[in-house]
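Chains, contacts and geometry: an overview
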Amino acid sequence: MIANLVQLAAEEEQNPLVPPGPELLVGAIAFAIVFFFFWKKLLPNINKVLEERREAIEGGIEKAEAAQTEAQSVLEQYKAQLAEARHEAARLRQEAQEQGAQLIAEMRAEGQRQREEIVAAGHAQIEADRKAAAQSLRQDVGQLATDLAGKLVGESLEDHARQSRTIDRFLDELEEKAEAAR
């Protein structure tokens, strides 16, 4: 047996890298069948999946760009509304300050007017009280003067008309002297 193997090996002195003809033919046919199967069945499915993926990626990019554009426009609108709200708030603050200043001025004017009314009423009351006191004083002084004059003269000065004239004349003379002394 060993001898047979050695003889066979001696007869076949072929290159170990090159397969024999029938194996080469069977391998080529098997390769063609596998290649045809891949080319007809798997390659279109793979291309279809790759195309769908490419479209999904491109669609996602487009959607992302659209979303980013929309977000940018919303941001600009927000900034515009914020600026408008700040402007409106500043305007309202300014109006409130102006109204406050106007209200303060009106209240001061009203307070001044009321103070002047109170002072005028006080002066009028003082003047009325002064006149009433002067009248009361005239009567009291007149009565005292009449009583004193009656005691000095020794007769009664009970006549009311005479008494009033005497008192008025006496007080008028006192007022004239007082004014002359000033």
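Note that the coordinates shown come from a computational prediction; the quantities given were computed from them, not determined experimentally.

1. Description of the overall build of the protein
Helix and strand counts for the protein come out as 3 helices and 0 strands. The secondary structure elements of the protein, listed N-terminal to C-terminal, are α-α-α. Across the 182 residues that make up the protein, the buried fraction comes to 3%. With an accessible surface of roughly 16,200 Å², the protein has 61% of that area assigned to carbon and sulfur atoms.

2. What about the confidence of the model for the protein?
Mean pLDDT over the protein works out to 82, with 82% of the residues at or above the 70 mark. At the level of individual helices and strands, the protein shows its lowest average pLDDT in helix α1 (residues 2-11), which scores 57, and its highest in helix α2 (residues 21-153), which scores 88.

3. Describing a nonpolar patch on the surface
Residues Val34, Phe37, Phe38, Leu42, Ile46 and Leu50 make up a contiguous nonpolar surface patch of roughly 540 Å² in combined accessible area. Of note, Phe38 is situated in helix α2.

4. Examining the pattern of salt bridges
In total, this model carries 7 salt bridges according to the counting rule given. Close ionic contact of Arg130 with Glu127 constitutes a salt bridge, the shortest N to O distance being 2.5 Å. One end of the pair is Arg130 and the other is Glu127, both in helix α2 and 3 residues apart, which spans about a single turn.

5. Comments concerning the packing of aromatic side chains
As enumerated under the stated definition, the model contains 3 aromatic pairs in all. Stacked on the ring of Trp39, the Lys or Arg Lys40 has its end atom at 5.0 Å from the ring centre.

Thresholds, definitions, all that
Residues numbered from 1 in each chain as written. Predicted model: local features only at pLDDT ≥ 70, side-chain atom pairs only at ≥ 80, totals over all residues. Heavy atoms only, no water. Helix = DSSP H or I, 4+ residues; strand = E, 2+ residues; numbered from the N terminus. Buried < 20%, exposed > 50% of the residue type's maximum accessible area, 1.4 Å probe, protein only. Areas by Shrake-Rupley, 256 points an atom, 1.4 Å probe, with all protein chains shown as cover. pLDDT = per-residue confidence, 0-100. Patch = residues over 30% accessible without salt bridge, like charges linked within 9 Å, V, L, I, M, F, W, Y side chains within 5 Å. Salt bridge = Lys/Arg side-chain N within 4 Å of Asp/Glu carboxyl O. Phe/Tyr/Trp six-rings, centres within 6.5 Å; stacked < 30°, edge-to-face > 60°. Lys NZ or Arg CZ within 6 Å of the ring centre and 35° of its normal.

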